[in-house]
Amino acid sequence: IDSCHLHFEFTGQDSINYTFTTTGKKIGNKRIYVKYPREVERWQRRELFRLNAPEGTKLCLTLDSVRYELDVIDISIGGTLAALVRTNSRDVEMPPFTEAQILKDIGLAFPSEIMRQPIQIDKLKLKRLKTNSEKTGYEMAFAFDQISKGEQQRLTDIIYRLQRQALRHRLPLDFGK
């Protein structure tokens, strides 16, 4: 066939969208053969970069005199996804939180080798609540509603540091040559 421009979009194993443009070369054996692309563009559609939280990161809060420590799944500068895990069948039959609820005086604690003092969040808002995939508890998406400038800067610094570390250790793309 005559050379034509083809545009491809796909979702990688990391659940991120990729795109590339190349030219068609020939058709044979019920296949279209194309030139291997020079570059593949990675789409980061989020306004705020979200990354997996380091193991042991906790969101600590008190509600109705009960202290909760939620396991942080992922985090961004604007919020976090955390899990409230049941340790036995009587624990947390119904989640203690409701959607659109505003919570106050929260601590975001990273493992001590990353950061010694928890980041203090004045207010956060529960945006989404669902049963998590292991059915051992609940996943909750929180938006940081109010945080001081100093704590915001500490959070930004740690997220950028973790982002650089994640990008440094990211595996090269494999297109199944």
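Residues numbered from 1 in each chain as written. Predicted model: local features only at pLDDT ≥ 70, side-chain atom pairs only at ≥ 80, totals over all residues. Heavy atoms only, no water.

Q: Please clarify how the pairing of strand S3 (residues 31-34) should be interpreted in this entry.
A: Here is the key point about a regular strand: its side chains alternate between the two faces of the sheet. Both strand S2 (residues 17-28) and S3 contribute to a ladder of four bridges, which runs antiparallel. By the bridge assignment for S3, Lys26 is matched with Tyr33. (Pairing = 2+ DSSP bridges. Helix = DSSP H or I, 4+ residues; strand = E, 2+ residues; numbered from the N terminus.)

Q: Is there a simple way to explain the packing of aromatic side chains in this structure?
A: Between two aromatic rings, the relevant description is the distance of the centres plus the angle of the planes. Scanning all chains against the criterion turns up three aromatic pairs. Here the aromatic rings of Phe10 and Tyr18 are separated by 5.5 Å at their centres, their planes lie at 15°, and the arrangement is stacked. Residue class for Tyr18 comes out buried when judged on its relative accessible area of 4%. Relative to Phe20, the ring of Phe10 lies with its centre 6.3 Å away and its plane at 70°, an arrangement referred to as edge-to-face. Residue Phe10 is found in strand S1 (residues 5-11), and its partner Phe20 is found in strand S2; the two are separated by 10 residues along the sequence. In this structure Phe20 comes out as buried when scored by relative accessible area, which is 14%. Through a chain of ring-to-ring contacts, the aromatic side chains of Phe8, Phe10, Tyr18 and Phe20 assemble into a single cluster. (Phe/Tyr/Trp six-rings, centres within 6.5 Å; stacked < 30°, edge-to-face > 60°. Buried < 20%, exposed > 50% of the residue type's maximum accessible area, 1.4 Å probe, protein only.)

Q: Whenever I open this one, a nonpolar patch on the surface confuses me. Can you help?
A: A grouping of Phe8, Ile27, Ile32 and Val34 is seen on the molecular surface, where their side chains present a nonpolar patch of about 350 Å² in accessible area. In this fold, Val34 is placed in strand S3. Val34 gets classed as partly exposed once you look at its relative accessible area, which sits at 32%. (Patch = residues over 30% accessible without salt bridge, like charges linked within 9 Å, V, L, I, M, F, W, Y side chains within 5 Å. Areas by Shrake-Rupley, 256 points an atom, 1.4 Å probe, with all protein chains shown as cover. Salt bridge = Lys/Arg side-chain N within 4 Å of Asp/Glu carboxyl O.)

Q: Sorry, what's going on with the nonpolar core here?
A: One broad rule of soluble globular proteins: the nonpolar side chains tend to lie buried together. Of all hydrophobic cores here, the largest spans 32 residues; its most connected members are Leu59, Leu70, Phe97 and Leu108. Contributions of two or more residues to this core are made by strand S6 (58-63), strand S7 (66-75), strand S8 (79-85), strand S9 (102-109), strand S10 (119-131), strand S11 (137-146) and helix H1 (149-169). Discounting chain neighbours no more than four positions away, the residues touching Leu70 are Thr57, Lys58, Leu59, Leu61, Ala82, Ala83, Leu84, Phe97, Met140 and Phe142. (Core = buried A, V, L, I, M, F, W, Y, C linked by side-chain atoms within 4.5 Å. Contact = heavy atoms within 4.5 Å.)

Q: Teacher, can you tell me more about the environment of Thr11 here?
A: As for its placement among the helices and strands, Thr11 is situated in strand S1. According to the relative accessible area criterion, Thr11 is exposed, its value standing at 52%. For the pair Thr11 and Trp43, spaced 32 residues apart in the sequence, the C-alpha separation amounts to 9.7 Å. Leaving out residues up to four positions away in the same chain, Thr11 has contacts with Ile16 and Asn17. In terms of polar contacts, Thr11 uses its side chain to reach the side chain of Asn17, at 2.9 Å. (Polar contact = N/O pair within 3.5 Å; in protein donor to acceptor, adjacent residues only side chain to side chain.)

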